[in-house]
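In case you want the letters, here they are:
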Amino acid sequence: MEKIISAKVYFTVWAALMCLTVTTAAVSYLDLGAFSIVLALIIATVKGSLVVLFFMHAKYINVKATLLVILAGFFWLAILLLMTMSDYITRAWS
Amino acid sequence: MSNSSEALATHELRHHFENMEQQSGASSMGMWVFLVTEIMFFGGMFMAYLAYRYEYFVAWQEGSQHMDFWIGTVNTAVLICSSLTMALAVLAIQQGRRRLTSIMLSITICFAIAFLVLKGIEYHRHWLAHEFPGSAFHFAGVDPRHVEMFFVLYFVMTGFHALHVLIGIGLVSTILYMNQRGHFSADYHNPVENAGLYWHFVDLVWIYLYPLLYLIGHHHAG
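A short tour of the structure in this document, coming up. (Residues numbered from 1 in each chain as written. Chains lettered and ligands numbered in written order. Predicted model: local features only at pLDDT ≥ 70, side-chain atom pairs only at ≥ 80, totals over all residues.)

### Let's talk about the overall build of chain A
When helices and strands are counted, chain A shows 3 helices and 0 strands. N-terminal to C-terminal, the α/β element order of chain A is α-α-α. Against the globule reference of 12 Å for 94 residues, chain A gives a C-alpha radius of gyration of 18 Å, more extended than a compact globule. When each of the 94 residues of chain A is scored for burial, the buried share is 22%. (Helix = DSSP H or I, 4+ residues; strand = E, 2+ residues; numbered from the N terminus. Rg over C-alpha atoms; globule rule 2.2 N^0.38 Å. Buried ≥ 20, exposed ≤ 12 C-beta atoms within 10 Å, placed from the backbone.)

### So, the overall build of chain B
Of regular secondary structure, chain B possesses 8 helices and 0 strands. When the elements of chain B are put in sequence order from the N terminus, they spell out α-α-α-α-α-α-α-α. Along the first, second and third principal axes, the C-alpha set of chain B runs to 65 × 30 × 30 Å. Put simply, chain B has 222 residues, and 41% of those count as buried. Within chain B, contacts between residues at least 6 apart in sequence are counted, and of these 79% link residues at least 24 apart. (Contact = placed C-beta atoms within 7 Å.)

### Overview of the environment of B:W70
For B:W70, the position within the fold is in helix α4 (residues 69-94). Residues B:W70 and B:G96, spaced 26 residues apart in sequence, show a C-alpha to C-alpha distance of 39 Å.

### Considering the interface of chain B and chain A
Counting from both sides, the interface comprises 37 residues of chain B and, opposite them, 42 residues of chain A. Counting only elements with at least two residues in the side of chain B that touches chain A, the list comes to α2 (20-55), α4, α7 (190-215) and α8 (218-221) of chain B. The element best represented in the side of chain B that touches chain A is α2(B), accounting for 16 residues. Class assignment for the residues of the side of chain B that touches chain A results in 24 nonpolar, 11 polar and 2 charged. (Nonpolar A, V, L, I, M, F, W, Y, C, P; charged D, E, K, R; others polar.)

### Observations regarding unusual backbone geometry
For A:H57, which is not glycine, the phi dihedral falls at a positive 65°. Tracing the sequence through the fold places A:H57 in the loop between α2 (35-55) and α3 (64-90). Taking the C-beta count within 10 Å as the criterion, A:H57 has 20 such neighbours and is therefore assigned buried. Even without being a glycine, B:D143 presents a positive backbone phi close to 50°. Mapping B:D143 onto the fold places it in the loop between α5 (98-128) and α6 (144-180). For B:D143, a count of 18 C-beta atoms within 10 Å translates into the label partly exposed.

This is the structure:
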């Protein structure tokens, strides 16, 4: 049978997401230069991971093919973003 | 819900599956395949955003300062709360608690409507401030042509996201209606789970839109 996750887990994840939202909003007031976007994206990725792992049950999926589908999706997204940006960023080097 | 067992019978194990577990596994895998196409759909727009931000960094900072920081932040919280109620709706039907499921789905719809209302207020303000791209676009600061490009991406990305929220309201409403008709139980609730996956995905997209649009130039506004 499917794994049933307790309401306590959902409320904990929700509290973490709310705290991280307040954190990312608060640090946007600080001038961290180029690091501010890096920090904002790190926090967003932590939040996104919590959503995918717990709310979307990715942590509890027992069908390996489904995990493969999920990982392939994000892997393809990484190819799109990283390879295109590696082109743009290195154009000025010549 | 008196004839619920009768309604349930039509949804029991389909003949091409071995058992309920295999059926529900196939169902969520199918939903994830669809969500991967959604990742690529939004991924293209994120790609455009990144490339333009790299080329026109100053314009991106300028444009971001004209976002409504508070509406963006409150809307982030609204979507996170809606994700919680959606997750609780799925939990409730896993436990066979139909009434609680309906309540949680209804709250989720309310949060979604609140999100769209706030988004609408925001769009209206941008419109009045001549920040909607096109012939009426006006920007007094530096590099107005590329600030306009920032607003193009802002409206396209948040517009498609808002469309997904709207579709989500329709989807969750349909699930709510079906639940009221007694279609789901502790044994069978794949559509509720899949609607949940869709809704959390919409939340996931916004989790990235929020810092990229609202926060990147915020500290300069002081």
